[in-house]
Amino acid sequence: MFAKFDKTQIGNSTAIKSSVQRAIRQKLLDQFEALRENDGALLEQIWPKKESISLIKCHNQLQLLSFNGFPLFFQSHDDPYVPTLRLLHLYPHLLPPVTVDRGAIRFLIAGANVMSPGLTSKGGKLPPTEQSYPANTVVAIFAEGKDHPVAIGICKTSTEEIKKVNKGIGIDTLHFIGDGLYKFERI
Amino acid sequence: MAEASTSQVVPQKDIVYCGICQFPVEYCEFSNSFKRCKQWLEEELPEVYISLYSENALKDKMGSLSVEAEKKLEQDVAKNEAKAEKKALKEIEQKKSSKITIIREERTKRKVTTHIQNLDAFSVELKPAAKLFAQKFATGASVTKNPQGKDEIVVQGDVTDEVEDMLHARQKVLSVLPEKVKVIKEDKKKKKANVEGAEDGHQE
C-alpha cells in the first residue's frame, strides 16, 4: 500500500472536531484489545485525552491520524485502523503476531506479500489451531531471529486455511520497513 | 510517542533505529547500505554492534536457513548494495552536470518576466524560493508549470543578473545549491510576429 507513497500524495492536515475525535477514540478502543487494558491506559499514553489529534488526508482514500506530527494510525476507505510500524515497534502487543522465516525477510522488505510457505516452514510461526485468526485479521509480521516486527499485513484467509493450503499469498502486506510511510518519521 | 516520561504506565519496547538506513538495527543486513550501516553502528553503539555482529551472534541468527540459502541471501544483498551505490553515484553526477536556466521573456512592450528553470534538480524548495525572490525584488514571483510540464519560478520584471548573483550567493533556501552552480542565461524576444512581417515586406 505504501510502496510508492511520497510527499506528493499527502494532502492537507486538519484538526478534527472533538466529537469526531471521541468517535475515533471509541473505534480504536473497540478494535484493539491492547488499548482497552487498564481503562485504556495505553491509548491515554500514545494519545492523551486532552490533546487533539490531526487527520491527514492522502490520495486513494487514505487517512492518517497523527499526534504532534507522529503518524499513529492509518486507515484506507472505511477499513479498520492500522497502527504504523513505528508505533508498533514501541508497543508490539497492539496486533496479534505471526512469524515468517528468515528467507522471506528480504522479499518483505522489498514489498512482497507473505507467501504461505514462509509462515508454515520451520522458521515461521502461526497461532495454534485453537487460537486461529479469522480472515481479514490485521497482524504484526515478525521475523525469525528478530525482536521487532518487519511488516504489518492482513490475513487473506484464516490462519488454519493458510496451514492447510500452504500455497500462494497468505498475508497481504500493508506496511513494511522502508516503505513510503515508514520513511516519514514525522509528517 | 516522544513523551517518554515517568508517567508511563505501559512500558515501551526499546528500539534502536539505524542512522543510515532508518531500519531497526537488526534489519540493517537487508538494507541497501549494509556496509555503511555496520560502520555507523560500530562507531555509535559498539555494544549493540557486538551483540549483532560478533561471531556467535552470526551463528545464532542462521536459524532454519540452510547454508546455501544464507549464501544466496548474502550475495543478493551485496548485489543490491552495489546497485544502490551505483545509482547514488549517478545521481550525484547528474546533479553536478545539471544547470540552472534563467530566461528573460518579453511580454508586452516594456513588460518582462524572468523564468528560472531547473532549480528543483538541486532539491531547492520552489515555493519558499519564489517567496524569497518576491521579497527581494518587491515584485510578484510564483511557481508555475511550463509547457514541458516542469515547475519553474516566474518573477515579474527583468531581474536576470540579480537572480544570478543570488544563486551564487546561496542564501537562505538557496543554501542547498552547490558552489559555483552553472547558470545559463537566455533571452526570448517576443518580436517574432514583427520580424516575420518585416521579412514578408522584403519579398514583396
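Residues numbered from 1 in each chain as written. Chains lettered and ligands numbered in written order. Predicted model: local features only at pLDDT ≥ 70, side-chain atom pairs only at ≥ 80, totals over all residues. Heavy atoms only, no water.

K.L.:
Could you give me a rundown of the overall build of chain B, with the residues and numbers involved?
P.N.:
On a plain count of helices and strands, chain B comes out with 7 helices and 5 strands. Helices (α) and strands (β) of chain B occur, in sequence order from the N terminus, as α-α-α-α-β-β-α-β-β-α-β-α. Per-residue burial over chain B gives 31% buried out of 204 residues. For chain B, long-range pairs separated by at least 24 residues make up 48% of all intrachain contacts whose partners lie at least 6 apart in sequence. A total of about 14,200 Å² of accessible surface is found on chain B, and carbon and sulfur atoms cover 50% of it. (Helix = DSSP H or I, 4+ residues; strand = E, 2+ residues; numbered from the N terminus. Buried < 20%, exposed > 50% of the residue type's maximum accessible area, 1.4 Å probe, protein only. Contact = heavy atoms within 4.5 Å. Areas by Shrake-Rupley, 256 points an atom, 1.4 Å probe, with all protein chains shown as cover.)

K.L.:
Quick one: what's the story with the pairing of strand β4 (residues 151–156) of chain B, residue by residue and with numbers?
P.N.:
Residues and elements named next belong to chain B. Of the strand pairs in this sheet, strand β2 (residues 112–117) and β4 are connected by 5 bridges, and their pairing is antiparallel. Its bridge partner lying in β4, H115 is registered against V154. Summarising the sheet, strand β3 (residues 141–145) and β4 pair through 5 bridges and their orientation is antiparallel. Each residue of the ladder has a partner; that of V143, found in β4, is I153. Here β3 hands over to β4 after 5 residues, with G149 in that stretch at a positive phi of 85°. (Pairing = 2+ DSSP bridges.)

K.L.:
Tell me about the sheet that holds β3 of chain B, and please be specific about residues and values.
P.N.:
Residues and elements named next belong to chain B. On the basis of which strands lie adjacent, the open sheet formed by 5 strands has the order β3-β4-β2-β1-β5 and mixed pairing. Looking at strand neighbours, the two that pair on one side only are β3 and β5 (183–188), the edges of this open sheet. Adjacent strand axes in the sheet meet at a mean angle of 25° when their direction is disregarded. (Axes fitted to C-alpha atoms, helices over the stretch in contact; angles between N-to-C directions.)

K.L.:
An account of helix α1 (residues 34–44) of chain B is needed here, citing residue identities and associated values.
P.N.:
Residue and element names in this part refer to chain B. Of the positions making up α1, those classed as buried are F34, C37 and L41. The buried residues of α1 occupy an angular sector of 55° when the element is viewed end-on, so they sit on one face. Exposed residues pointing more than 90 degrees away from the buried face of α1 are listed as K35, R36, Q39 and E43. (Arc of directions from axis to C-beta.)

K.L.:
I'd like to hear about the state of the cysteines, residue by residue, with values.
P.N.:
Residues and elements named next belong to chain B. Applying the stated rule across the entire model yields 0 disulfides over all chains. C18 carries a free sulfur, and the closest cysteine sulfur to it, the one in C28, is 3.5 Å from it. A residue is classified by how much of its surface remains accessible, and C18, at 1% relative accessible area, is buried. (Disulfide = S-S within 2.5 Å.)

K.L.:
For unusual backbone geometry, give the residues involved together with the corresponding values.
P.N.:
Residues and elements named next belong to chain A. In the Ramachandran plot, H77 falls in the positive-phi region, its phi being about 50° despite a non-glycine side chain. Take H77: it is sitting in the loop between β4 (70–76) and β5 (82–83). Despite not being glycine, N136 shows a phi value in the positive range, around 65°. Considering the arrangement of structural elements, one finds N136 in the loop between α5 (116–120) and β8 (138–143).

K.L.:
I'd like to hear about the interface of chain A and chain B, residue by residue, with values.
P.N.:
For interface size, the figure often reported is the accessible area lost on association. Counting residues at the interface gives 33 residues for chain A, matched by 28 residues for chain B. Between chain A and chain B, the buried area comes to about 2,800 Å², and carbon and sulfur atoms account for 60% of it. By the criterion of area lost to chain B, the three top residues of chain A are L90, R102 and R106 of chain A, representing 26% of everything that side buries. The salt bridge involving E29 of chain B is made with K146 of chain A; its shortest N-O contact spans 2.4 Å. Where chain A meets chain B, there are 10 residue pairs in polar contact (both at pLDDT 80 or more). Those elements that provide at least two residues to the side of chain A that touches chain B are α2 (33–46), β4, α3 (85–90) and α4 (102–109) of chain A. The leading source of residues in the side of chain A that touches chain B is α4 of chain A, at 5 residues. (Buried area = accessible area lost by both parts, 1.4 Å probe. Salt bridge = Lys/Arg side-chain N within 4 Å of Asp/Glu carboxyl O. Polar contact = N/O pair within 3.5 Å; in protein donor to acceptor, adjacent residues only side chain to side chain.)

K.L.:
Quick one: what's the story with α2 of chain A, residue by residue and with numbers?
P.N.:
All names here are of chain A. End to end, α2 covers just 15 Å across 14 residues, shorter than the expected 20 Å (1.5 Å per residue, more than 12% under). Buried within α2 we find A34, L35, G40, A41, L42, L43, Q45 and I46. Turning to α2, the residues buried within the fold contact α1 (18–31), β3 (62–67), β4 and α3. (Expected span 1.5 Å × (residues − 1).)

K.L.:
Describe in detail the side chain of T173 of chain A, supporting the description with residues and values.
P.N.:
All names here are of chain A. Along the chain, the position of T173 falls in strand β10 (residues 169–176). By relative accessible area, T173 is classed as buried at 9%. Here the side chain of T173 touches A112 through a polar contact of 2.7 Å, landing on its backbone oxygen.

K.L.:
Before we move on, can you summarise the nonpolar core with the specific residues and values?
P.N.:
Ranked by size, the top nonpolar core spans 79 residues in total, and within it L35, F73, L94, I141 and V150 of chain A carry the most contacts. Not counting residues within four places of it along the chain, the set of residues in contact with V150 of chain A comprises L85, I105, L108, I109, I141, F142, A143, F176 and I177 of chain A together with Y27 of chain B. Membership of the second largest hydrophobic core comes to 21 residues, among which are L119, L126, L132 and F133 of chain B. (Core = buried A, V, L, I, M, F, W, Y, C linked by side-chain atoms within 4.5 Å.)

K.L.:
Break down the environment of M115 of chain A for me, citing the residues and quoting the values.
P.N.:
Residue and element names in this part refer to chain A. Structurally, M115 is set in strand β7 (residues 114–115). The sequence separation of M115 and K167 amounts to 52 residues, and the corresponding C-alpha distance is 6.9 Å. Setting aside anything within four residues of it in sequence, one finds M115 in contact with G168, I169 and G170.

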